[in-house]
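Chain by chain, the residues run as shown.
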Amino acid sequence: MSTALASPTATHGRALLARIAEQLEALGRLAYGQVAAEELQDLARSTEAVARLVLAVQVAQTVAIDQRGLATAASCPSTASLLRQLLRIPAHEARSRVRAARATRPRDLPSGGEAPAELPLLGAAVDSGLLDRSHLDTVIATMHRLPTALADDVRVEAEQQLVSYATDLEPDQFRKVAAHLAEVLDPDGGLDQDAAAARAEFTIGVRNAATGLTPVHGRLDDLSVETLRLAIDGLAAPRPASDGVPDPRPPAVRRAHALIEVIRRAVGHADLPGHGGRRPQITVTVPWDPARRQLGAAVTDSGATLTARTLRQLLCDADVLPAVLGGDSQVLDLGRSTRTFSRAIRRAITIRDRGCAFPGCDRPPSWTDVHHLRFWTRDLGPTSYDNGCLLCPYHHAEIHKEQWQARMSTDGVPEFVPPRWIDPERRPRRNTVHHLAPVLEPP
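Residues numbered from 1 in each chain as written. Predicted model: local features only at pLDDT ≥ 70, side-chain atom pairs only at ≥ 80, totals over all residues. Heavy atoms only, no water.

1. Notes on helix α12 (residues 222-233)
- Helix length check: α12 (12 residues) gives 16 Å between terminal C-alpha atoms against 16 Å at 1.5 Å per residue, within 8%.
- Restricting attention to buried positions, one finds in α12 the residues Leu223, Glu226, Ala231, Ile232 and Asp233. (Helix = DSSP H or I, 4+ residues; strand = E, 2+ residues; numbered from the N terminus. Expected span 1.5 Å × (residues − 1). Buried < 20%, exposed > 50% of the residue type's maximum accessible area, 1.4 Å probe, protein only.)

Pasting the structure below:
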């Protein structure tokens, strides 16, 4: 060990770390309370970039520890176990570093030579300081979930898309996008839908006398969850008071109240409320490939990808509004022009946007208004499919503050230009939570 520490590389590395530690200590002592808001945000962004470069160094060190077999020499059962003891880090953190090392770096072969990295594009993004650990774990887990029969070029494109989305989205939103991409590429997911439905369950617990509340618990298959979500979505939306005071109920309380209201109306044989005077419908968007003359993966308004079996069941049993999309994701055969947004135009925009179009927002269509991209009064913008997008009340208000610029892209998708304090280059952003574009083809 002493010989290794005395090597030129180790000596240089220790000197670099000493200087970095000294600079970080000085950075922590800055009087941040005296820094202007925009400059403070820029400093925070730069500090996060440094932290992500530290992740790249940790992965590189783990590669060397793993490939040199230091765990065996230290009488540890695995590299992860060695990292836990050496660095005093949690087991999940140690396992994450080992997974990243093995997935993103070339591997030494027992016979000599080197095998290419499994996910080289991800490794390049990590080395560039573009991703944090959560993004890294999500990309690896998603790529490992894909079918082994997937063509190599589609697998490479999937990795490219995941890395691209990871650089734009915060981790929670990115996990949803990654899950959707995996569902598109493996729509059946190896699941037996009948078996899943057979394992559905719902239990009513014992009333708590102190709180007056009774716990309930359950789990449902995909189709049942989609039906439940559709039934309660509109009733669970925030309802501000008449004087404009925001709804004080947290989301979980609103959903509970909505479920009870649905049950009350069902017991009373009343029709459930719909949008625009119509009862709820499940809209299933099915992209059409004119070259192959075949349908793609079916997706609901909420972004859920349906298996072929579930789609057939819906077509037989449910009130389904099918919407076939062309190759450029434009809705076919729906009217457009009207003084106010008509039911047909809103339905067309809903099929396209699938929820609030603001980047990163996951609010469903039932919680949104249709916004004129070019303002009706100021810009004399028309009320049309091309000039409308869905926005939840919060982001609708944000757009009208005019710090963000909303516009329609050349390929017919709403995009939003952030203010300079968020992105000095003001690069346009899109919502990738509801919709992946372009959607990769399934195997």
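2. Some points on the side chain of Arg249
- Of note, Arg249 is situated in the loop between α12 and α13 (251-267).
- Given a relative accessible area of 15%, Arg249 falls into the buried group.
- Here Asp247 takes part through its side chain, which lies 2.8 Å from a polar atom of the side chain of Arg249.
- Among the polar contacts listed, one links the side chain of Arg249 to the side chain of His257, at a separation of 3.1 Å.
- With residues near it in sequence (within four places) discarded, Arg249 still touches Ala237, Arg239, Arg254 and His257. (Polar contact = N/O pair within 3.5 Å; in protein donor to acceptor, adjacent residues only side chain to side chain. Contact = heavy atoms within 4.5 Å.)

3. Looking at the nonpolar core
- Ranked by internal contacts, the top residues of the largest apolar core, which has 31 residues, are Leu122, Leu136 and Phe174.
- Judged by nonpolar contacts, the second largest core, of 13 residues, contains Cys389, Cys392, Ile399 and Trp404. (Core = buried A, V, L, I, M, F, W, Y, C linked by side-chain atoms within 4.5 Å.)

4. Thoughts on a nonpolar patch on the surface
- On the surface, a nonpolar cluster with roughly 510 Å² of combined accessible area is contributed by Leu16, Leu17, Ile20, Leu24, Val50 and Val54.
- Every element with two or more residues in the nonpolar patch is listed here: α2 (8-28) and α3 (37-67).
- When residues of the nonpolar patch are assigned to their parent elements, the largest contribution, four residues, is made by α2.
- By secondary structure assignment, the location of Val50 is in helix α3. (Patch = residues over 30% accessible without salt bridge, like charges linked within 9 Å, V, L, I, M, F, W, Y side chains within 5 Å. Areas by Shrake-Rupley, 256 points an atom, 1.4 Å probe, with all protein chains shown as cover. Salt bridge = Lys/Arg side-chain N within 4 Å of Asp/Glu carboxyl O.)

5. Some details on the pairing of strand β13 (residues 414-417)
- Of the two faces of β13, both are covered, the one formed by Pro414 and Phe416 as well as the one formed by Glu415 and Val417.
- Hairpin connection from strand β12 (residues 405-408) to β13: five residues lie between these consecutive antiparallel strands, with Gly412 at a positive phi of about 80 degrees. (Pairing = 2+ DSSP bridges.)

6. Brief notes about helix α5 (residues 79-87)
- If you check which residues of α5 are buried, you get Thr79, Ala80, Ser81, Leu82 and Leu83.
- Tucked into the core, α5 has its buried residues touching α3, α4 (70-73) and α6 (91-104).
- Directly beyond the C-terminal end of α5, a positive phi value near 55 degrees is found at Arg88.

7. With respect to the pattern of salt bridges
- This structure, assessed with the given rule, holds 16 salt bridges.
- Between Arg52 and Glu48 there is a salt bridge, and its shortest N-O distance comes to 3.3 Å. With Arg52 and Glu48 both in helix α3 and four residues apart, the pair spans about one turn of that helix.
- The class for Arg52 is buried, based on a relative accessible area of 18%.
- Since its relative accessible area comes to 36%, Glu48 is described here as partly exposed.

8. Quick look at the packing of aromatic side chains
- Applying the stated rule across the entire model yields two aromatic pairs.
- Consider the rings of Phe358 and Phe416, whose centres lie 5.3 Å apart with planes at 55 degrees: the pair is tilted. Pair noted here: Phe358 is in the loop between α15 (343-353) and β10 (369-372) and Phe416 is in strand β13, with a separation of 58 residues, a long-range link. You'll find Phe358 and Phe416 in the same group, each marked buried.
- Pairwise contacts between aromatic rings join Phe358, Trp404 and Phe416 into one cluster. (Phe/Tyr/Trp six-rings, centres within 6.5 Å; stacked < 30°, edge-to-face > 60°.)

9. Thoughts on the packing of α5 against α6
- Look at α5 against α6: their axes get within 8 Å of each other, and the N-to-C directions meet at 130 degrees. The angle between the axes of α5 and α6 places the two elements in the oblique class. For the pair α5 and α6, the sense of crossing is right-handed. Of α6, the residues touching α5 (which contributes Thr79, Ala80, Leu83, Arg84 and Leu87) are Ala91, Ala94, Arg95, Arg97, Val98 and Arg102.
- A breakdown of the residues in the contact of α5 with α6 according to their chemical character gives six nonpolar, one polar and four charged. (Axes fitted to C-alpha atoms, helices over the stretch in contact; angles between N-to-C directions. Parallel < 35°, antiparallel > 145°, perpendicular 65-115°, else oblique. Left-handed = near helix turned anticlockwise from the far one by under 90°. Nonpolar A, V, L, I, M, F, W, Y, C, P; charged D, E, K, R; others polar.)

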